[in-house]
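Coordinate analysis (summary)
So you can see what is in the structure, the chains are spelled out below.
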Amino acid sequence: MAGLRERQKADRQRRILEAAVAAFRESYRAARIEDLAAKAEVSVGTVYNYYPTKGDILMAVVTMEVEEVLAQGEALVAEPPAGAAQALGALIDGYYDHSLVYLTKEMWRHAMAISIEAAETPNGRHYAALDAKLCDQVTRLLDRLRARGEIAPALPVAELGRIVFNNLNQMFMEFARDEQMTIDTLKRKVAAQTAPLAGLMAV
């Protein structure tokens, strides 16, 4: 019975998040919990039982997006393309290409606002934890390249990983603020910024 209850719970949460993605992509600000519940075929109370606020639902969608990106990135970390510029470019492009699968720029702006305005809340801390996982993946990619002899062995990969992540994260914030900027433009800008650093890493 416990297994059945867990499957039912997972199914309800999945339906709620699918309904949320559909509604939030139209307008996060205008979306109502009552509408999500109706679309997910659950009661309003059930939605609030799992997600006390709309921000909690949004953060669950962000988590879903980041977890898929991290899983996708693991294969690249295990066998990256040759060269720091190519490897970093492939990882970063993967992050960006997936960024609008579940979320819109509006949704990202609200999620970022939560991370800044409510930094000490569970949602704020969770957003920071997701960023930390992405930063760690960038660092592990550089460590893998160093182990393959493709970047200088004395380089501090933890610090370099943080620099690369901070830049790609800051540029993504600019992308989210600018409704006219395309993913391709974002990728070109970040590639141009990453190339000199990658060149300095080379053996």
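Further up the page is the structure itself.
Only a predicted model underlies this, so the values are computations on that prediction, with no experimental measurement involved. (Residues numbered from 1 in each chain as written. Predicted model: local features only at pLDDT ≥ 70, side-chain atom pairs only at ≥ 80, totals over all residues. Heavy atoms only, no water.)

Scanning the entire structure with this criterion turns up eleven salt bridges. As a salt-bridge pair, glutamate 74 and arginine 140 come within 2.5 Å of each other at their nearest N and O atoms. With glutamate 74 in helix α4 (residues 54-78) and arginine 140 in helix α7 (residues 122-147), the pair connects residues that are 66 residues apart, well separated along the chain. Among the residues examined, glutamate 74 registers a relative accessible area of 34% and is labelled partly exposed. Since its relative accessible area comes to 31%, arginine 140 is described here as partly exposed. For glutamate 179, the salt bridge identified is with arginine 109, shortest N-O distance 2.9 Å. Taken together, the residues span a long stretch of sequence, with glutamate 179 in the loop between α8 (157-177) and α9 (183-201) and arginine 109 in helix α6 (residues 105-117) at a distance of 70 residues. Judged by relative accessible area, which is 46%, glutamate 179 ranks as partly exposed. One connected set of salt bridges, linked through shared partners, spans Asp11, Arg14, Arg15 and Glu18. (Salt bridge = Lys/Arg side-chain N within 4 Å of Asp/Glu carboxyl O. Helix = DSSP H or I, 4+ residues; strand = E, 2+ residues; numbered from the N terminus. Buried < 20%, exposed > 50% of the residue type's maximum accessible area, 1.4 Å probe, protein only.)

Attention shifts here to the side chain of lysine 105. Assignment of secondary structure puts lysine 105 in helix α6. One buried charged residue, lysine 105, remains without a salt bridge, the closest side chain of opposite sign being glutamate 179 at 5.0 Å. Side-chain polar atoms of lysine 105 contact the backbone oxygen of aspartate 178, separated by 2.4 Å. Excluding anything up to four places from it in sequence, lysine 105 contacts Leu100, Phe175, Ala176, Asp178, Glu179, Gln180 and Met181. (Lys, Arg positive; Asp, Glu negative; His and termini not counted. Polar contact = N/O pair within 3.5 Å; in protein donor to acceptor, adjacent residues only side chain to side chain. Contact = heavy atoms within 4.5 Å.)

Judged by nonpolar contacts, the single largest core of 66 residues is most densely connected at Phe24, Ile57, Val62 and Tyr96. Broken down by element, this core gets its largest block of residues, eleven residues, from α4. Excluding anything up to four places from it in sequence, valine 62 contacts Leu103, Trp108, Ala111, Tyr127 and Leu130. (Core = buried A, V, L, I, M, F, W, Y, C linked by side-chain atoms within 4.5 Å.)

Two numbers describe how α4 lies on α7: the axes approach to 10 Å, and their chain directions differ by 10°. Judged by the angle between their axes, α4 and α7 are roughly parallel. Considered class by class, the residues forming the contact of α4 with α7 number twelve nonpolar, six polar and five charged. (Axes fitted to C-alpha atoms, helices over the stretch in contact; angles between N-to-C directions. Parallel < 35°, antiparallel > 145°, perpendicular 65-115°, else oblique. Nonpolar A, V, L, I, M, F, W, Y, C, P; charged D, E, K, R; others polar.)

Once that is clear, we can look at the environment of aspartate 184. With respect to the helices and strands, the residue aspartate 184 is situated in helix α9. You can call aspartate 184 partly exposed: its relative accessible area is 45%. A sequence separation of 44 residues divides aspartate 184 from arginine 140, and the C-alpha atoms of the two residues are 25 Å apart.

Structurally, tyrosine 28 can be placed in the loop between α1 (2-26) and α2 (33-40). The exposure class assigned to tyrosine 28 is buried, which follows from its relative accessible area of 8%. Each C-alpha atom, one on tyrosine 28 and one on arginine 12, is 21 Å from the other, the two residues being 16 residues apart in sequence. Setting aside its immediate chain neighbours within four residues, tyrosine 28 contacts Lys54, Gly55, Leu58, Glu106, Met107 and His110.

Let us look at the packing of aromatic side chains. One pair of aromatic rings is described through two measures. These are the centre distance and the angle between the planes. Taken as a whole and judged by the stated rule, the model has five aromatic pairs. Judged by centre distance (6.0 Å) and plane angle (15°), the rings of tyrosine 96 and phenylalanine 172 are stacked. Of the two residues, tyrosine 96 is situated in helix α5 (residues 84-98) and phenylalanine 172 in helix α8; the sequence distance between them amounts to 76 residues. Judged by relative accessible area, which is 2%, tyrosine 96 ranks as buried. Given the relative accessible area of 8%, phenylalanine 172 is considered buried. Ring geometry for tryptophan 108 against phenylalanine 172: centres 5.1 Å apart, planes inclined by 85°, an arrangement best described as edge-to-face. In this pair, tryptophan 108 is assigned in helix α6 and phenylalanine 172 in helix α8, connecting sequence segments 64 residues apart. Here tryptophan 108 falls in the buried class, since its relative accessible area comes to 6%. Connected via pairs of aromatic rings, a cluster forms that spans Tyr96, Trp108, Phe172 and Phe175. For the cation-ring pair, lysine 105 lies above phenylalanine 175, with the distance from its terminal atom to the ring centre recorded as 3.9 Å. (Phe/Tyr/Trp six-rings, centres within 6.5 Å; stacked < 30°, edge-to-face > 60°. Lys NZ or Arg CZ within 6 Å of the ring centre and 35° of its normal.)

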